[in-house]
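Here is how the chains run, residue by residue.
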Amino acid sequence: MTTSPTLKTLGNSDLQLTSIGFGAWAIGGGNWDFAWGAQDDDASIRAIHQALDEGINWIDTAAVYGLGHSEEIVGKAVKGSSHKPLIFTKCSMRWDGERKIYRSLKAASVAEELEGSLRRLNVETIDLYQIHWPNPDEEIEEGWAELARQQKAGKIRWIGVSNFNVAQMKGAQAIAPITSLQPPYSMLRPAVEQEILPYCLENGIGVINYSPMVSGLLTGRMSAERVAAMPADDWRRKAVEFNEPRLSRNLRLVELLREIGAGHGVEPGVVAVAWTLHNPAITAAIVGGRSPEQVKGLAPALSFRLKDEEFTRIGEFLAANPVA
């Protein structure tokens, strides 16, 4: 007998989320500024189907992932599934005819982006529509007001923000309520614990954190050799956590996660996700997957939780091995 995953309400919405959702950044494919290298679309669709079969009930994507391609793949995968997940996407990062990315939160631009996302996802309403990045800063209020207008028009059910700080959230809140924030949060990127997560907790803003496994680094499948062999268009080659002096420290951390996970029969990545879910401000975490096998290995994060002493062990490692 299988037990149903626990659901949590996202902020002020009626959205009931499983504790992890499928993140669709990496399935955008190659040949764009923040690519993860080439990706097989059939594998992406099978990965999404695997996630839905495991009980995951929401997918997070963005227009810019693969310059529209990720949304198209999500649309195809959901159309071909008996499961009907909640679908979240984002606006503000656009691209021109030469695949160069630019940013806009002008009302007309946001409205145009929304229509493009609805078309690619093949839906009439988006469950959660988010401002991807708070820039241009001077256009945030105009963009947020447009999201609120589109929500009233019925094209969006709930509206959220991503990568915002407290001051930016306060500015948006003065115009329309924020359902959720999407920040980067992991044991290697804990900065939001200081002000941002407490603010969300105090103000009833849901939080879905991205990169809980630091873009694959904490999955247990990464090594110095694998990092060195990454394709030229994999953005992680230039990321600070994937390079020395941090890489060696991070791979030692993975061995601790492996040891903790082994006691429960779960992968290091599941432990990394559970570390973020330990924070009471976190509603749910975004977990990416590029193949059904990856998704299957991470699905235990739906229910696995760290014991307090295990959480403490990780904290002791991080304190004893600070970033130089």
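What counts and what doesn't
Residues numbered from 1 in each chain as written. Predicted model: local features only at pLDDT ≥ 70, side-chain atom pairs only at ≥ 80, totals over all residues. Heavy atoms only, no water. Axes fitted to C-alpha atoms, helices over the stretch in contact; angles between N-to-C directions. Helix = DSSP H or I, 4+ residues; strand = E, 2+ residues; numbered from the N terminus. Parallel < 35°, antiparallel > 145°, perpendicular 65-115°, else oblique. Left-handed = near helix turned anticlockwise from the far one by under 90°. Contact = heavy atoms within 4.5 Å. Nonpolar A, V, L, I, M, F, W, Y, C, P; charged D, E, K, R; others polar. Phe/Tyr/Trp six-rings, centres within 6.5 Å; stacked < 30°, edge-to-face > 60°. Buried < 20%, exposed > 50% of the residue type's maximum accessible area, 1.4 Å probe, protein only. Expected span 1.5 Å × (residues − 1). Polar contact = N/O pair within 3.5 Å; in protein donor to acceptor, adjacent residues only side chain to side chain. Core = buried A, V, L, I, M, F, W, Y, C linked by side-chain atoms within 4.5 Å.

Visitor: Which residues make up the packing of helix H3 (residues 107–121) against helix H4 (residues 140–152), and what values do they have?
Guide: One can describe the packing of H3 onto H4 by two numbers: an axis separation of 8 Å at closest approach and a directional angle of 45 degrees. Between H3 and H4, the crossing angle belongs to the class labelled oblique. Between H3 and H4 the crossing geometry is right-handed. On the side of H3, the interface is formed by Ala107, Val110, Ala111 and Leu114, while H4 contributes Glu142, Gly143, Glu146, Leu147, Arg149 and Gln150. A breakdown of the residues in the contact of H3 with H4 according to their chemical character gives 5 nonpolar, 2 polar and 3 charged.

Visitor: Kindly report on the packing of aromatic side chains, identifying the contributing residues and their values.
Guide: Enumeration over the complete set of coordinates arrives at 7 aromatic pairs. Note on tryptophan 32 and phenylalanine 34: the rings are 6.1 Å apart at their centroids and 70 degrees apart in plane angle, and the pair reads as edge-to-face. With 5.6 Å between their ring centres and 20 degrees between their planes, tryptophan 275 and phenylalanine 311 make a pair best called stacked. On the criterion of sequence distance, the pair formed by tryptophan 275 in helix H9 (residues 268–277) and phenylalanine 311 in helix H11 (residues 308–320) is long-range, its members being 36 residues apart. When its relative accessible area of 6% is taken as the criterion, tryptophan 275 is described as buried. Put simply, the rings of Trp25, Trp32, Phe34, Tyr65 and Trp235 pair up and form one aromatic cluster.

Visitor: Got a sec to walk through helix H1 (residues 41–54)? Specific residues and values, please.
Guide: Spanning 14 residues, H1 covers 20 Å between terminal C-alpha atoms, matching the ideal 20 Å at 1.5 Å per step. When H1 is considered as a whole, its buried residues turn out to be Ala43, Ser44, Ile45, Ala47, Ile48, Gln50, Ala51 and Leu52. Here the buried face of H1 lies against strand E3 (20–23), strand E4 (58–60), helix H2 (69–79) and helix H10 (292–298). Residue aspartate 40 occupies the N-cap position of H1, its side-chain oxygen lying 3.3 Å from the main-chain nitrogen of aspartate 42. Glycine 55 sits one or two residues past H1 and shows a positive phi near 110 degrees.

Visitor: Account for the nonpolar core, naming residues and giving values.
Guide: A general feature of soluble globular proteins is that nonpolar side chains tend to end up buried together. Ranked by size, the top nonpolar core spans 85 residues in total, and within it Met169, Leu218, Leu253 and Ile314 carry the most contacts. No other element matches H9, which puts 7 residues into this core. Discounting chain neighbours no more than four positions away, the residues touching isoleucine 314 are Met187, Leu253, Leu256, Leu257, Ile260, Val271, Trp275 and Leu306.

Visitor: Account for H9, with residues named and values stated.
Guide: Judged by how many residues are buried, H9 sits mostly within the fold: 10 of 10 residues are covered. Turning to H9, its buried residues are Pro268, Gly269, Val270, Val271, Ala272, Val273, Ala274, Trp275, Thr276 and Leu277. Of the surrounding elements, those touching the buried residues of H9 are E3, strand E11 (206–209), helix H8 (246–262), strand E12 (284–288), H10 and H11.

Geometry only, nothing functional implied.
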